Amino acid sequence: MPGTRSSGLLALGGIVLAAVLATVGHLEVNDDLDPWSLTVSDFAVSDRGGVIDTAMAVLAAASVVLLPALRRAGAGRVPLALLTAWSAGLLAAAVVPTNEPGSPMDTAAYVHRYASVLSFLALPVAGWLLARHPLAGAAAWLRGLTVASLVLAAAMIWSAYPGDRALLGLIERLLILTETAVITTLALHVTLRRPRPAPSGVDHAVVTPHRPGIPVGSGAATP
C-alpha cells in the first residue's frame, strides 16, 4: 500500500531528524550540566526553545504520522488512543518548560512532569497491545521493548523519589532510547508491510456465462 509505506518512511525520517537534533542539543549545552543526574528536560530548559525542544516536537509529529497507517493496518482504538496520548504528552513537554535545576517547581514544571509521565507510560502499553494484532510480525521486538520501557520507567520513579535522583539522567535517556525504538519498530513494520496474499484455493479464473445448448464444462469455445 503506497500511502501506508509513505507514512512509514516519513515517520522514519522524523525519528532520525529528532535523534540528530537531540544529539546536537546535548553537545551545545553548558559543560556544567551533568547528563548522569540531570534529565533531558533540565538540558532543554537551559536552551529554552532550542534544538532539544524541537527534537521532542518532531518525534511527536513523527508518531502522529503513523496513526492513519496503523489504522489502515487494523490497529484498534485503544492502542491508537494511547499513541495519541504519547504524542500529545511529548508535545506538551516540549512546549511547557520545566523549572531550572535546583529551583522550586511551579505550575508549568508540574504540567511538564505529568505530560512526560503520560507519554512514558502510554507508549509501552500501546506497543504491547499492537504486538498482539495486527503487528504480529513485529511482536517479539515490541514485547521486548515495551517490557524494557516499563522496567526503566519504574527505575526512574524510584530514582526520582526514594533514590535521591541517583543516575536519574542516565535512566531517563535509556528510557527515551527504548521508547524511540518502539516507535521506530512500528514505523519499520508499516514501511515494510506487504499486502496479505489472497487465501489459497480461491479460483480467480474468469467464469464464462453458460449458453443454451452448450453443456457447462464441455470445453466448447465461446465466440
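Up top you'll find the structure we're talking about.
Residues numbered from 1 in each chain as written. Predicted model: local features only at pLDDT ≥ 70, side-chain atom pairs only at ≥ 80, totals over all residues. Heavy atoms only, no water.

1. Quick look at the overall build of the protein chain
Secondary structure summary: the protein chain contains 7 helices and 0 strands in total. What you see in the protein chain, going N to C, is helices and strands ordered as α-α-α-α-α-α-α. Of all 223 residues assigned to the protein chain, the portion counted as buried reaches 41%. Residue pairs at least 24 apart in sequence account for 72% of intrachain contacts in the protein chain once pairs closer than 6 positions are excluded. (Helix = DSSP H or I, 4+ residues; strand = E, 2+ residues; numbered from the N terminus. Buried < 20%, exposed > 50% of the residue type's maximum accessible area, 1.4 Å probe, protein only. Contact = heavy atoms within 4.5 Å.)

2. Thoughts on the side chain of threonine 39
Position of threonine 39 among the secondary structure elements: in the loop between α1 (2–28) and α2 (40–45). Residue classification places threonine 39 among the buried positions, given a relative accessible area of 9%. Setting aside residues up to four positions removed in sequence, threonine 39 forms contacts with Arg165, Leu168, Gly169, Glu172 and Arg173.

3. What about the nonpolar core?
Residues Leu66, Leu70, Leu83 and Ile183 are the most contacted members of the largest nonpolar core, which totals 45 residues. For this core, the secondary-structure elements that each account for two or more residues are α1, α2, α3 (51–72), α4 (77–95), α5 (107–132), α6 (139–160) and α7 (168–192). The element that contributes the greatest number of residues to this core is α3, accounting for 11 residues. Residues contacting leucine 83, with those up to four places away along its chain left out, are Leu67, Leu70, Leu123, Ala126, Leu130, Ile183 and Leu186. Judged by nonpolar contacts, the second largest core, of 7 residues, contains Phe120, Leu152, Leu168 and Leu175. (Core = buried A, V, L, I, M, F, W, Y, C linked by side-chain atoms within 4.5 Å.)

4. Observations regarding the pattern of salt bridges
Once the charged atoms of two side chains with opposite charge are near each other, the side chains can pair. Considering all chains together, one arrives at 1 salt bridge under this definition. Note that arginine 165 and aspartate 42 form a salt bridge whose closest N and O atoms lie 3.4 Å from each other. Here aspartate 42 lies in helix α2 and arginine 165 lies in the loop between α6 and α7, a separation of 123 residues in the sequence. On the basis of relative accessible area, arginine 165 is assigned to the partly exposed category, the value being 38%. Here aspartate 42 falls in the buried class, since its relative accessible area comes to 7%. (Salt bridge = Lys/Arg side-chain N within 4 Å of Asp/Glu carboxyl O.)

5. Concerning the packing of α5 against α6
Where α5 meets α6, the closest approach of the two axes is 8 Å, and the angle between their N-to-C directions is 155 degrees. It follows from the interaxial angle that α5 and α6 lie roughly antiparallel. Our pair here, α5 against α6, has a crossing hand that is left-handed. Residues Phe120, Leu121, Pro124, Gly127, Trp128, Leu130, Ala131 and Arg132 of α5 lie in contact with α6, whose contacting residues are Ala139, Leu142, Arg143, Thr146, Val147, Ser149, Leu150, Ala153 and Met156. Taken together, the residues that form the contact of α5 with α6 break down as 12 nonpolar, 3 polar and 2 charged. (Axes fitted to C-alpha atoms, helices over the stretch in contact; angles between N-to-C directions. Parallel < 35°, antiparallel > 145°, perpendicular 65-115°, else oblique. Left-handed = near helix turned anticlockwise from the far one by under 90°. Nonpolar A, V, L, I, M, F, W, Y, C, P; charged D, E, K, R; others polar.)

The values are spatial; any link to function lies outside them.
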